[in-house]
Amino acid sequence: MRPLMIFAAGLGTRMRPLTDSLPKPLIPVAGRTLLDRALDLGRDAGAGPVVVNTHYLGDQIAAHLADRDVAISDEPGAILDTGGGLRQALPLLGQGPVMTLNPDVVWTGPNPLAALNAAWRDEMEALLMLVPLDRATGRQGAGDFSLDAAGRISRRGDFVYGGAQIIRPDRLARIPDTVFSLNRLWDLLIAEGRAFGIAHPGGWCDVGYPQAIPLAEAMLDA
């Protein structure tokens, strides 16, 4: 089993007005909340322990998870961003590489977490699930990364980060800031050739704004 961190602390600004009174992870898509869909992926991939971080309307998320075997890492002050949030949650996640998952995307096809586990190798410090830009439903903007023949990633290219990865968190302790993005860690690993990626062969939809919900539902119905 590998630990899983689900990032659920964001303000959901792009999803307004739906997030005025509901945290984005609890928005339903095709009758199931985004958070439950993320938890399903983790369960099916054999993840454990599972940690969800909270901030905005976090009491609603905590209540939603009250009867689940899921730990909460609350961020009651400033949102710590992905890097700071993961570092705070490490005592709940245990040692070794950690899977992380953004709940505001919907996947079809192979389970991305299971695929990452199958592709993970000891020489990796990060393995990101990527989506070709031309198949990234709901994506607004350019791609994030390129892949070389050995599977290493570099900045800029025609692949989008899909919101799922395995990462070694050891170097987080060296970053002095309290609030920071995992992009900081990725850049360190890319420079050393220790950051890798694989491409998701199925469907993917960014459910970050209201107009993307019907796009995701259509993809799930296809």
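Let us look at the structure shown here. From a predicted model like this one, the values you see are computed outputs, not experimental measurements.

1. With respect to the pairing of strand β8 (residues 126-132)
- Counting buried residues along β8, seven of its seven residues qualify, which places the element largely inside the surrounding structure.
- Burial along β8 is two-sided: A126, L128, L130 and P132 facing one way and L127, M129 and V131 facing the other are all buried.
- Bridge analysis of β8 against strand β12 (residues 159-167) gives six bridges, and the strand direction is antiparallel. Paired with V131 across the strands is V160, a residue of β12.
- Alignment of β8 against strand β13 (residues 195-199), held across five bridges, turns out to be parallel. Across the sheet, M129 pairs through a bridge with I198, a residue of β13.

2. Re the environment of E192
- Considering the arrangement of structural elements, one finds E192 in the loop between α5 (183-191) and β13.
- On the basis of relative accessibility, which here comes to 47%, the residue E192 falls in the partly exposed class.
- Spatially, the C-alpha atoms of E192 and P76 are 35 Å apart, while their sequence positions differ by 116 residues.

The rules behind the values
In this numbering scheme, every chain counts its residues from 1 along its sequence in written order. Residue-level local features of this predicted model are given only where pLDDT is at least 70; pairs of side-chain atoms are given and counted only at 80 or more, and the full residue set underlies all totals for whole chains, interfaces and linings. Working from all heavy atoms in the structure, the side-chain values ignore hydrogens and water. Only protein chains enter the area calculation, which uses a 1.4 Å probe; residues under 20% of their type maximum are buried, those over 50% are exposed, and those in between are partly exposed. Helix and strand assignments follow DSSP, with helices taken as H or I runs no shorter than four residues and strands as E runs no shorter than two, numbered in order from the N terminus. Being paired, for any two strands, means DSSP has found at least two bridges between them.

These results come straight from atomic positions and should not be treated as a statement about function.
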